[in-house]
Amino acid sequence: MPHKRASIRWLVVFAVLFGLVGCTAPPAEDSADQTAPASSPNIGETSASFILYVQRNFEPKLTPLDPITLQDAPDHAPFVLSDVGQFQETQFILSPDGATVVALIDNQVRVLDGFSGEVRAQFPRTQGIEEVSPDGTRLAGQWFEEPGKPGWAVLSPEDGKPLVLGEGDYAIFDWENDRVYSLETPNTSTSPEPVEPQPVVLIVSDLETGEEISRLTLDDVLAGSVEIDDPFPFGPSMALASDRRRLVLLHGDADKITVVDLDQLQVVSTRDLQGSQDPLVAGEAIRGYDMKFTPDGTLYI
């Protein structure tokens, strides 16, 4: 959401058709930026095969639902985390095939079979876990080797120990092509004063080894911090297109998106983001939103 010096304001959910950012498929005639109301069902996470419905009346009960009919998903049985209290902080992450569920319970990580609910592994939660590989054999997320220097890690689902480490913030994992896309940004965590906005650098790394393959400076995409009550960091949000050939960045300090061609590793375009009911005034507010592409190429912000 955008952050102002005196207030916090909301932006509606955007549905930006991918045809506007470089897809070869022609957009529909009414494919200008569309808006849709946001909703907040009691859902923990989704995969390609089911939606995980979480009930928290007592112990969390996890019920897999078919994403089309919202009926009980075939081959997936509901299960209860009987030793987890109603008020314990709990998050859930699913593998794309729905076969693996990762439950983040306070400072513990529990890896479950998505079909039966059987516990495969449990270990202490040390740093961030954000996603599961398509086959459920690896976990991934942000990782700090030292304060103020963000990086990423691929972790073992058996004990949570890092298998691969890499550099850069805001990491996006392309499991299909063994690539990681991350950003080199100015260090805002250790500065008591606002950090002057600087262009970010896109880093392309090998997912298997963590080694850097190439990098690209994005002159129009900035990161830094602004003074609110204390210095407040900002940077772009990123999303990988469904065809894995384009990377879209939503600017943190302006109503703009930048599109990067990953085959050529070059900027295709920077364009204004239309449709905001709460336009961002440069220099007065910042925002940070997640973005997600659907399989049909629709980008949700």
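Residues numbered from 1 in each chain as written. Predicted model: local features only at pLDDT ≥ 70, side-chain atom pairs only at ≥ 80, totals over all residues. Heavy atoms only, no water.

Asks: Please give an account of the environment of Gly136 that cites residues and values.
Replies: Along the chain, the position of Gly136 falls in the loop between strand E12 (131–132) and strand E13 (139–146). The exposure class of Gly136 is buried, given its relative accessible area of 8%. Here the alpha-carbon distance between Gly136 and Ser156, two residues 20 residues apart in the chain, equals 9.9 Å. Contacts of Gly136, omitting those with residues within four sequence positions, involve Thr100 and Pro157. (Helix = DSSP H or I, 4+ residues; strand = E, 2+ residues; numbered from the N terminus. Buried < 20%, exposed > 50% of the residue type's maximum accessible area, 1.4 Å probe, protein only. Contact = heavy atoms within 4.5 Å.)

Asks: Please give an account of the pairing of E13 that cites residues and values.
Replies: Across 2 bridges, the pairing between E12 and E13 is antiparallel. Bridge pairing links Glu131 to Ala140 in E13. The turn joining E12 and E13, which pair antiparallel and follow one another in sequence, is formed by 6 residues; a positive phi near 75 degrees is taken by Gly136. Pairing of E13 with strand E14 (residues 149–155), which is carried by 7 bridges, proceeds in the antiparallel orientation. (Pairing = 2+ DSSP bridges.)

Asks: With reference to specific residues and values, describe unusual backbone geometry.
Replies: Backbone geometry places Asp178, a non-glycine residue, at a positive phi of 55 degrees. For Leu265, which is not a glycine, the phi torsion comes out positive at approximately 50 degrees. Tracing the sequence through the fold places Leu265 in the loop between strand E23 (256–261) and strand E24 (266–272). On the accessibility criterion, Leu265 (18% relative accessible area) is buried.

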